[in-house]
Amino acid sequence: MRILEELKGSSKIAIGGHIRPDGDCIGSCMGLSLFLKKAMPDAQVDVFLEKPADIFLCIKDADKIITDSSAELHYDAFVALDTNAERLGAFRKYFDAADLTINIDHHISNKDGSAMINYIKPQASSASELVFEVIDREYLDAEIAKALYIGIIHDTGVLQYSNTAPSTLKTAAELIGYGLDFTKIIDETFYEKTFVQNRLLGRALSKAESRLFGKCIVSCITAEELAEFGADSKDLEGIVSQLRYTRGAECAVFLHELKEQEFKVSMRSNGKVDVAKVASVFGGGGHVRAAGCTLTGTPKACVEILLPHIEKQL
Ligand code: AMP
Ligand code: MN
Ligand code: MN
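Everything numeric in this text was worked out from a predicted model, so none of it was measured. (Residues numbered from 1 in each chain as written. Chains lettered and ligands numbered in written order. Predicted model: local features only at pLDDT ≥ 70, side-chain atom pairs only at ≥ 80, totals over all residues. Heavy atoms only, no water.)

A. Representation of the overall build of the protein. The helix and strand inventory of the protein stands at 12 helices and 11 strands. For 314 residues, the compact-globule estimate of 2.2 N^0.38 gives 20 Å, and the C-alpha radius of gyration of the protein, at 19 Å, lies within 12% of that figure. Seen along its three principal axes, the alpha-carbon backbone of the protein occupies a region of about 60 × 40 × 35 Å. Relative to its 314 residues, the protein shows a buried fraction of 52%. Approximately 14000 Å² of the protein is accessible, and the part contributed by carbon and sulfur atoms is 51%. Charge centroids of the protein, computed over 35 positive and 45 negative side chains, lie 5 Å from each other. (Helix = DSSP H or I, 4+ residues; strand = E, 2+ residues; numbered from the N terminus. Rg over C-alpha atoms; globule rule 2.2 N^0.38 Å. Buried < 20%, exposed > 50% of the residue type's maximum accessible area, 1.4 Å probe, protein only. Areas by Shrake-Rupley, 256 points an atom, 1.4 Å probe, with all protein chains shown as cover. Lys, Arg positive; Asp, Glu negative; His and termini not counted. Charge placed at Lys NZ, Arg CZ, Asp CG, Glu CD.)

B. Geometry of the nonpolar core. Ranked by size, the top nonpolar core spans 51 residues in total, and within it Leu7, Leu32, Leu36 and Ile135 carry the most contacts. A total of nine residues in this core trace back to one element, the largest contributor, which is helix 2 (residues 23-39). Sequence-distant contacts of Ile135, that is, excluding residues within four places in its chain, are made with Arg2, Ile3, Leu32, Phe35, Leu140, Ile144 and Leu148. Formed by 24 residues, the second largest nonpolar core is a distinct cluster that contains Cys216, Phe282, Val303 and Leu306. (Core = buried A, V, L, I, M, F, W, Y, C linked by side-chain atoms within 4.5 Å. Contact = heavy atoms within 4.5 Å.)

C. Region of interest: the environment of Arg203. As for its position among the elements, Arg203 is in helix 8 (residues 195-207). Separated by 22 residues in sequence, Arg203 and Glu225 place their C-alpha atoms 9.0 Å apart. Not counting chain neighbours up to four residues away, the residues in contact with Arg203 comprise Ile221, Glu225, Glu228 and Phe229.

D. The sheet that holds strand 3 (residues 77-81), seen in detail. Here we have five strands laid out as an open sheet, ordered 2-1-3-4-5, and parallel in their pairing. One side of each edge strand has no neighbouring strand; the edge strands of this open sheet are strand 2 (44-48) and strand 5 (117-120). Put simply, the sheet's adjacent strands are angled 15° from each other on average, direction ignored. Here strand 3 runs beside strand 4 (residues 100-105); their pairing, made up of five bridges, is parallel. (Pairing = 2+ DSSP bridges. Axes fitted to C-alpha atoms, helices over the stretch in contact; angles between N-to-C directions.)

E. Focus on the site of ligand 1. Around ligand 1 sit 13 residues, and of these Arg87, His107, Lys264, Ser266 and Arg268 come closest. Within the contact set of ligand 1, an oxygen atom lies 2.6 Å away from a side-chain nitrogen or oxygen of Arg87. Within the backbone of Gly285, an N or O atom sits 3.2 Å from a nitrogen atom of ligand 1. A per-class count over the shell around ligand 1 returns two nonpolar, eight polar and three charged. (Near = heavy atom within 4 Å. Polar contact = N/O pair within 3.5 Å; in protein donor to acceptor, adjacent residues only side chain to side chain. Nonpolar A, V, L, I, M, F, W, Y, C, P; charged D, E, K, R; others polar.)

F. Structural context of the coordination of the manganese ion (ligand 2). Surrounding the manganese ion (ligand 2) are the protein donor atoms His18 (NE2), Asp22 (OD), Asp22 (OD) and Asp82 (OD), which sit 2.1 to 2.6 Å from the metal. Each donor residue of the manganese ion (ligand 2) lies on the same chain, and together they follow the pattern H-x3-D-x59-D. The distance between the manganese ion (ligand 2) and the manganese ion (ligand 3) is 3.6 Å, with Asp82 acting as a donor to both metals. (Donors = N, O, S within 2.8 Å, 3.2 Å for Na, K, Ca; no water.)

G. The coordination of the manganese ion (ligand 3), seen in detail. Asp24 (OD), Asp82 (OD), His106 (NE2) and Asp155 (OD) make up the full set of protein donors to the manganese ion (ligand 3), lying at 2.1 to 2.2 Å. Taken in chain order, the donor set of the manganese ion (ligand 3) reads D-x57-D-x23-H-x48-D.

H. Focus on the pairing of strand 7 (residues 216-221). Within strand 7, six of the six residues are buried, which leaves it mostly tucked inside the rest of the structure. Of the two faces of strand 7, the one carrying Cys216, Val218 and Cys220 and the one carrying Ile217, Ser219 and Ile221 are both buried. Of the pairings in the sheet, the one linking strand 6 (residues 209-211) to strand 7 comprises three bridges and is antiparallel in character. In the strand pairing of strand 7, Glu209 is matched with Val218.

Worth remembering: the numbers are spatial, not functional.
The following block contains the structure:
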């Protein structure tokens, strides 16, 4: 796909990603929008996302992301990145109303794509790597490179997870060639946590339970605990990955309470358990080694309903 080719008749373009946007979602949306603003200077390009975590404000124009969905707007084209249309949240209406829809994604649970034009590659490390594939290199600059690099870093765990392919490393190499201070970018957007985030991680680790004879590590943070720490759901990023780093564990399950008795479930696996398959049983999705869904009930009930599906695969 050449994105400029697909968008050549469009002068009002919207870009959106999934609810609770992560680094790849924000990086791919911002990378594409910075590219389009440069390559199509006469076009209007708007990015719609839920409010990103502050660490992502180091990306150019991240402060211009539109978080409000109350206006009735019409776009010539809507590009959905790092998700299918279902998880666009409140911005779905702009996608539905657009004359042209494009979906660029790497989720295995989004097999066919949700748009008129689909560029879906489940083997790709990240939506950001796919954006790099579809844009024209001549417009690449340090700001676009930074956005896409952050996306790749976040979805590959700093080029470490098994979704890291030779193409991912080549892309990352080309991106840092724009003079990115990658050490600082990785430290400040990926590893560094606020004091509160680290204390929450500590709480989640100390509450963790070892299930299925140590093959599955489970933990939970309730809404009450979040309030106690003066934190919000963006402060829980990375906890599930740390739970997985337990010797003998095949997977980790982390629950966080969105509202009373409603839990966002995050799952990570070493590869043996296909967590996308587990999530899909409950209407969620994701990747083999990283997936999520939403469940209702007590934390204990949520865990008990999930575990048999994990156990089946062990
Ligand atoms: P998370 O645990 O929220 O970091 O999600 C892990 C991976 O699964 C990410 O790639 C998410 O985009 C994806 N994911 C999480 N929840 C869902 C869902 N309900 N449907 C589809 N994909 C999801
Ligand atoms: Mn994502
Ligand atoms: Mn992604």
